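# Fold and contact review
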Amino acid sequence: MSRSSSKKITSLTKAAAVIVALGSEQASAVYKNLSEDEVETLTIEVAKLDRLSPDEMQDIVDDFYGLCTTQKVISEGGVLYARNVLEKAFGTQQATSYMDRVAKSMQTRSFEFIRKANYKNLMMMIQNEHPQTIAFVLSYASADQSSKIISELPKKLQIDVIRRIATLESVSPEIVSIVETALEKRFSAVVSVDMTEIGGINFVADIMNHVNRTTEKFVFDELSKSNPTLSEEIRKLMFVFEDILNLDDTTIQIVLRNVETQDLAVAIKGSSEEIKQMLLNNISSRARENILSDIEFLRNVRMKDVERAQQKIVDSIRILEESGEITISRGTEDAIIE
């Protein structure tokens, strides 16, 4: 910095200085985009800013302005245009510094175009690829896209792809480049990539939270046979219908208030005796009589209908958890009501 002292000023301190320079109104808008931990850390640093001199503050703000300008001209005019503009504005050395810093911050995960694609088009493009390639591409897709595609893959291929996604970690730029080249004729864009963590068990759990009950049941049944450890690790990160047995009575009662009577009857019709009793024990006597009467008259219920009703109950549980009305402890612990 041209006017500052030789002491080292951290990036956190610079961020705090920018927050102060923005003023309270604009700073509050920035805070809305930060996590609680980031807000806390940044606020503490703001409180310590009295150690910066006016010249140091000005240099930080000037640097921030330069980076914002750099990002804008790169986005709007391209790299060559941006470099030309920045060299005229800041000189060659400073322009190069800004370009390097902003280019690095603007790098995004590869295959952005995949996440913008219709899943059916994506399905047609990759369904005949090697399972490893499908797993790789789906690791860059959204969980919603991946869940729909996996649901439509052949049963044997579903398990293979799920297993491969779960064991993906980091992929080198060279491998990404090879896959991109192979797919470029079917996609309209090719983007750069750096070493990125993809796939993994968390991602698989997210996918499984989006697939239908039929696919979910099949995947876990098959995975439990071939890789029970992996199956259990995925299960711990999500909620499935059988996990109702791990909920306490109060939680069950909250859930059942959000379930249609007909759905509950059909879901119970295809449930184990243990789940059936747990659900029936958490409704009123009159409601229980009505449900049992409905179940008695249910004939030739398709498994697809049972699984759909059970999935509605699971969806209700997930919605309640997301809204904060209930808290589900993963594993074998009981749910906690807040």
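You'll find the structure just up there.
## What about the pattern of salt bridges?
For side chains bearing opposite charge, pairing can occur when the charged atoms are close. Overall, the coordinates contain eight salt bridges when judged by the stated rule. In this structure, Asp263 and Lys312 form a salt bridge, with 3.5 Å as the shortest nitrogen-oxygen distance. Placement of Asp263 in helix α17 (residues 261–269) and of Lys312 in helix α20 (residues 303–323) is noted, with a sequence separation of 49 residues between them. Overall, the relative accessible area of 17% leaves Asp263 in the buried class. According to the relative accessible area criterion, Lys312 is partly exposed, its value standing at 44%. Among the salt bridges present, the one from Arg302 reaches Asp305, with a minimum N-O distance of 3.1 Å. Relative accessible area serves as the criterion here: at 23%, Asp305 is assigned to the partly exposed category. Through salt bridges with shared partners, a single network forms among Arg302, Asp305 and Arg308.

## A short note on helix α8 (residues 119–126)
Restricting attention to buried positions, one finds in α8 the residues Tyr119, Leu122, Met123 and Ile126. The arc enclosing the buried residues of α8, seen along the axis, measures out at 105°, which places them on a common side.

Rules behind the numbers
Residues numbered from 1 in each chain as written. Predicted model: local features only at pLDDT ≥ 70, side-chain atom pairs only at ≥ 80, totals over all residues. Heavy atoms only, no water. Salt bridge = Lys/Arg side-chain N within 4 Å of Asp/Glu carboxyl O. Helix = DSSP H or I, 4+ residues; strand = E, 2+ residues; numbered from the N terminus. Buried < 20%, exposed > 50% of the residue type's maximum accessible area, 1.4 Å probe, protein only. Arc of directions from axis to C-beta.

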